[in-house]
Amino acid sequence: MSSFAFVWAIIPPLPIYTILISRNLEQVTQRPALSKILGVFVPWSLALFLYMSEAFGEFLVWTSILVLGFTNYTMPLMIATKSFSGPPSKSGVGSFGRFVEIIKAAWADDAGRE
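Counting starts from 1 at the beginning of each chain's written sequence and moves along it residue by residue. In view of the model being predicted, local features appear only for residues whose pLDDT reaches at least 70, and side-chain atom pairs are presented and counted only at 80 or more, with totals across whole chains, interfaces and linings using the full set of residues. Side-chain descriptors were evaluated using all non-hydrogen atoms of the structure, hydrogens and water having been removed beforehand.

Draft legend 1. Spatial organisation of the overall build of the chain. Helix and strand assignments follow DSSP, with helices taken as H or I runs no shorter than four residues and strands as E runs no shorter than two, numbered in order from the N terminus. A tally of regular secondary structure across the chain gives 5 helices and 0 strands. Put simply, the chain has 114 residues, and 6% of those count as buried. Between two residues, a contact is recorded if the distance between any of their heavy atoms is within 4.5 Å. Put simply, of all contacts in the chain between residues at least 6 apart along the chain, 9% involve residues at least 24 apart. Per-residue accessibility takes into account occlusion by the displayed protein chains alone, with areas from the Shrake-Rupley method and a 1.4 Å probe. Carbon together with sulfur atoms contributes 72% to the accessible area of the chain, which is approximately 9900 Å² in total. The buried label goes to any residue with under 20% of its type's maximum accessible area, the exposed label to any with over 50%, and the partly exposed label to all in between, with areas taken from a 1.4 Å probe on protein chains only.

Draft legend 2. Region of the structure containing the side chain of Ser22. Considering the arrangement of structural elements, one finds Ser22 in helix 2 (residues 14-29). If near-sequence neighbours (up to four positions away) are discounted, Ser22 is found in contact with Ser35, Lys36, Gly39 and Val40.

Draft legend 3. Summary view of a nonpolar patch on the surface. Together, Leu34, Ile37, Leu38, Phe41, Val42, Leu46, Phe56, Phe59 and Leu60 give the surface a local cluster of nonpolar side chains, amounting to about 780 Å² of exposed area. Of all the elements in the fold, those that place two or more residues in the nonpolar patch are helix 3 (32-50) and helix 4 (54-83). Within the fold, Phe59 resides in helix 4. Patch members must show over 30% relative accessible area and no salt bridge, and they are joined within 9 Å when carrying like charges or within 5 Å when they are nonpolar side chains of Val, Leu, Ile, Met, Phe, Trp or Tyr. For this analysis, a salt bridge means a side-chain nitrogen from Lys or Arg found within 4 Å of a carboxyl oxygen belonging to Asp or Glu.

Draft legend 4. Here's a closer look at the side chain of Thr18. Following the sequence through the fold, Thr18 ends up in helix 2. Overall, the relative accessible area of 11% leaves Thr18 in the buried class. Sequence-distant contacts of Thr18, that is, excluding residues within four places in its chain, are made with Gly39, Val40 and Trp44.

Draft legend 5. Up close: helix 3. To estimate the expected span of a helix, count its residues, drop one, and scale the result by 1.5 Å. Across its 19 residues, helix 3 extends 26 Å between first and last C-alpha, which sits within 8% of the 27 Å expected from 1.5 Å per residue. In helix 3, a bend of some 35° at Phe41 exceeds every other bend along the element, and Pro43, a proline, comes one to four places later. Where helix 3 is concerned, the buried positions are Ser35, Gly39 and Leu50. Among the residues trailing helix 3, Met52 stands out with phi positive, at a value near 55°. A residue's bend is given by the angle between axes fitted to the 7 residues ending at it and the 7 residues starting at it.

Draft legend 6. Region of the structure containing helix 4. Here helix 4 is 30 residues long and its end C-alpha atoms lie 43 Å apart, about the 44 Å a rise of 1.5 Å per residue gives. At Thr74, helix 4 shows its strongest bend, of approximately 35°, with the proline Pro76 following within four residues.

In structure tokens, the structure reads:
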């Protein structure tokens, strides 16, 4: 019963989401026809062809691998390098060198034992 209620909670706002996506794309691209195609027709046509098929499972697996792979492996590295960028240190070491120095200091035997 709860899965039935979950489906009825998810399905009704889908047309609203497609309208919002197409309007946001129209603001960004300034092309109304392209925004309607990308925001409305492409998602609904994908849903039509992938509904209740083996292809949906494959599509879901590959998109989750690509999205989660980028999110889990690339984003933390980007955040770490961005957090260590800033004014150059007095020793002339760049931001990546400073990142390596901090990691080496954290893994040193005497780190935190002062």
